[in-house]
Amino acid sequence: MRWRLATQHLSAPHAASAAQVVSDLLGVQAENRSQAEWAVATRTVGRDPADLAALLDGGQVVRTHVLRPTWHFVAAADIGWLLELTAPRIRPLYLRQLTELPGWTSDTVDRAVAAVLESLGARPDQTRDQLLEDLVGRGLPATGRAMMFLLGLTEADRLVCSGRPADGVHTYALFADRIPDPVRLDRDEALAEIARRYFTGHGPATAGDLAYWATLTPTDVRRGLAGAGDGLASFEHQGRTFWHAPDAEPPTKDPEPAGHLLQILDETYRGYQDSRMLLDAAGLAPRGREASTGMALVDAQLVGSMKRTLGARVRFEVTGYRRLTPAEVVALGDAAERYGEFLGLEAELLLR
C-alpha cells in the first residue's frame, strides 16, 4: 500500500499541480465536491485551493459523470475519448431510471434534452435548479430527481458538461462550448490508453480493479492490457497479477506524510474493488457497506473512520479500529492541520 500511496501522490514526491493530479489519476471521483477538492490538493506540493478552481473555471478540467455513474474530475484533454469508451455501459442506466418516473417517455426525454440544449445555448453556466425551473416553465414533468438522471444522460451523450462554477455552485454548459475539439480514439486505442493510464496512476492494481473503476468488461480489460504492451509491468502476489508503471518500484522509505484524513470516496479507496482492502491488512475495518464518511490512514493503512464537521473551525472526529499509538495520533494531528490550512480554518482532532 505504500507503493500505491506514492503512485497516487499522497506521499512524497507530491504532484506539482492540480492539473498533474487529475491527469496522472485520469479520473478523480468528485461526488462530494468540497472533499474531492481536498483529495486533489492534498496530492500537490502547494495545496492551494485556487489551483483546481482556476482549472474548473477555465475548462481545462471538467466535473462530470464518467467511468461509473458518478461525478469525476477529468482533464478536458481526456473527457472526449473516456466518455466515448465508457458511456455506452452507463447510459442505459440513466435512461431506464428516467423513463421509470411518472410522465417520462422516450418522447418526453427527447423534448427535455432539446430544451436543456436550447437553454444552455442561450445562457450557459446554469445551475441544476435554474435548468429545472426552465423545463417546468416549458410544461415538462421535471423534478429534482428527474433532472439528476436527465443531466447524467446528456453528459453521457457528450452534449453537456460542467460550466464555470457560480460562487462555488456547480453549473452546466454545452459540451461543444467547453470542449470544442475533444480527443477521439478508436476503441482498441482507448482500451490500451485507459489500461496504461489507470495502472500507472493507481498501480499496483489488478485487472478486476480496472474493470470496476471504468465499468469495463473483463474482455475489454484484457484487450487493453494487450494493447498497452511494454507500457506496463506486472508481478504476482497471493494468486493475483498486479500491474504498474514499468519503471516503478516499491518505496524504500516510510511515507511522508504518514497520516491522511480522506473521504471514503477518495481514489485510494474507491479507485479499487478487487484489491481495495489491502488498505486494511490487519482486517480491523468493518466489511460491507461503508457507514463512515471518511478514513483515517497512517502508513497507508486504515486505522479508523473519520467524520468532518465544518463550523467556526473544522473538527475531525476519528474513531479508531484499535487503540492508536502516540505516533499515529501525531500523524493524524498533522493531517488535520494540513486540511485545516487548506480550508482556512483552525483544525481540531478528536479521538473516540
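Summarised in this report is the structure supplied together with it.

About the thresholds
- In this numbering scheme, every chain counts its residues from 1 along its sequence in written order.
- In keeping with the model being predicted, local features are shown solely for residues with a pLDDT of at least 70 and side-chain atom pairs are shown and tallied solely at 80 or more, while totals for entire chains, interfaces and linings include all residues.
- With hydrogens and water excluded, all non-hydrogen atoms of the structure serve as input to the side-chain values.
- Only runs of H or I of at least four residues qualify as helices and only runs of E of at least two qualify as strands under DSSP, and these elements are numbered from the N terminus.
- Radius of gyration here uses only the C-alpha atoms, and the compact-globule reference equals 2.2 Å multiplied by the residue count raised to the power 0.38.
- Think of it in three bands: residues with accessible area under 20% of the maximum for their type are buried, residues over 50% are exposed, and the middle band is partly exposed, with areas taken using a 1.4 Å probe on protein chains only.
- Working rule for contacts: check all heavy atoms of both residues, and any pair within 4.5 Å makes them a contact.
- For the area figures, the Shrake-Rupley method with a 1.4 Å probe applies, and any residue is considered shielded solely by the protein chains shown.
- Note on charges: Lys and Arg go in the positive column, Asp and Glu in the negative column, and His and the chain ends are not counted at all.
- Where a charge lies is defined by one atom per residue type, namely NZ (Lys), CZ (Arg), CG (Asp) and CD (Glu).
- A pair of strands is treated as paired once DSSP finds two or more bridges between them.
- Helix axes use the C-alpha atoms of the stretch in contact, all axes being lines fitted to C-alpha atoms, and the angles between their N-to-C directions lie in the range 0 to 180 degrees.
- Side-chain atoms within 4.5 Å link the members of a nonpolar core, which is a set of buried Ala, Val, Leu, Ile, Met, Phe, Trp, Tyr and Cys residues.
- Two aromatic rings, drawn from Phe, Tyr or Trp (for Trp, its six-membered ring), form a pair once their centres lie within 6.5 Å of each other, and the interplanar angle then sorts them: stacked below 30 degrees, edge-to-face above 60, tilted otherwise.
- A ring has a charge above it when a Lys NZ or an Arg CZ is no more than 6 Å from the ring centre and no more than 35 degrees off the ring normal.
- The labels follow the angle: roughly parallel below 35 degrees, roughly antiparallel above 145, roughly perpendicular from 65 to 115, and oblique for the rest.
- Polarity classes work like this: nonpolar for Ala, Val, Leu, Ile, Met, Phe, Trp, Tyr, Cys and Pro, charged for Asp, Glu, Lys and Arg, and polar for all others, with Gly in that last group.

## A short note on the overall build of the protein chain
When helices and strands are tallied, the protein chain shows 14 helices and twelve strands. Here the C-alpha radius of gyration of the protein chain, 21 Å, is about what a compact globule of 352 residues would show, namely 20 Å. Over its C-alpha atoms, taken along the principal directions, the protein chain stretches across nearly 60 × 55 × 35 Å. When burial is assessed residue by residue, the protein chain has 50% of its 352 residues classed as buried. A sequence separation of at least 24 residues applies to 64% of the contacts in the protein chain between residues at least 6 apart. Accessible area for the protein chain stands at about 15,400 Å²; split by element, carbon and sulfur atoms hold 51% of it. The centroid of the 38 positive side-chain charges in the protein chain is displaced by 5 Å from the centroid of its 46 negative side-chain charges.

## What to know about the sheet that holds strand β1 (residues 28-29)
Taking strand neighbours across the sheet as the criterion, the three strands line up as β1-β3-β2 in an open arrangement whose pairing is antiparallel. The strands lining the two open edges of the sheet, one partner per strand, are β1 and β2 (61-65). Note that β2 and strand β3 (residues 71-75) share five bridges and pair antiparallel. By the bridge assignment, Val-62 is partnered in β3 with Val-74. Strand contacts of helix α3 (residues 33-41): β1, β2 and β3, with the helix running at about 40 degrees to β3, the strand carrying the most contacts.

## Here we look at the nonpolar core
Side chains of nonpolar character tend, in soluble globular proteins, to be buried together. With 75 residues, the main nonpolar core has Phe-73, Leu-135, Leu-150, Ile-194, Leu-210 and Trp-213 as its most contacted residues. Residue contributions to this core peak at ten residues, all from helix α5 (residues 76-99). Leu-150 has contacts with Leu-98, Trp-104, Val-109, Ala-112, Val-113, Val-116 and Leu-135, leaving out every residue within four places of it along the chain. Leu-261, Tyr-269, Leu-279 and Val-318 belong to the second-largest nonpolar core, a separate cluster that totals 30 residues.

## Quick word on the packing of aromatic side chains
Scanning the entire structure with this criterion turns up eight aromatic pairs. The interplanar angle of 10 degrees and the centroid separation of 5.7 Å between the aromatic rings of Trp-3 and Phe-235 together place this pair among those described as stacked. Of this pair, Trp-3 sits in helix α1 (residues 2-7) while Phe-235 sits in strand β6 (residues 233-237), and the two are 232 residues apart along the sequence. On the basis of relative accessibility, which here comes to 13%, the residue Trp-3 falls in the buried class. The interplanar angle of 15 degrees and the centroid separation of 4.5 Å between the aromatic rings of Trp-38 and Tyr-339 together place this pair among those described as stacked. Of the two residues, Trp-38 is situated in helix α3 and Tyr-339 in helix α14 (residues 326-343); the sequence distance between them amounts to 301 residues. Look at Trp-38 and you get buried, because its relative accessible area is 3%. Here the aromatic residues Trp-38, Phe-316, Tyr-339 and Phe-342 are joined through ring pairs into a cluster of three or more. A cation sits over an aromatic face here: Arg-4 above Tyr-272, 3.8 Å from the ring centre. For the cation-ring pair, Arg-63 lies above Trp-71, with the distance from its terminal atom to the ring centre recorded as 4.2 Å.

## Looking at the packing of helix α2 (residues 18-25) against helix α10 (residues 187-202)
Relative orientation of the contacting elements α2 and α10 amounts to 120 degrees, with a least axis distance of 7 Å. Put simply, α2 runs oblique to α10. Of the residues in α10, those touching α2 at Ser-23, Asp-24 and Leu-25 are Arg-197, Gly-201 and His-202. In the contact of α2 with α10, the residues fall into one nonpolar, three polar and two charged.

Worth remembering: the numbers are spatial, not functional.
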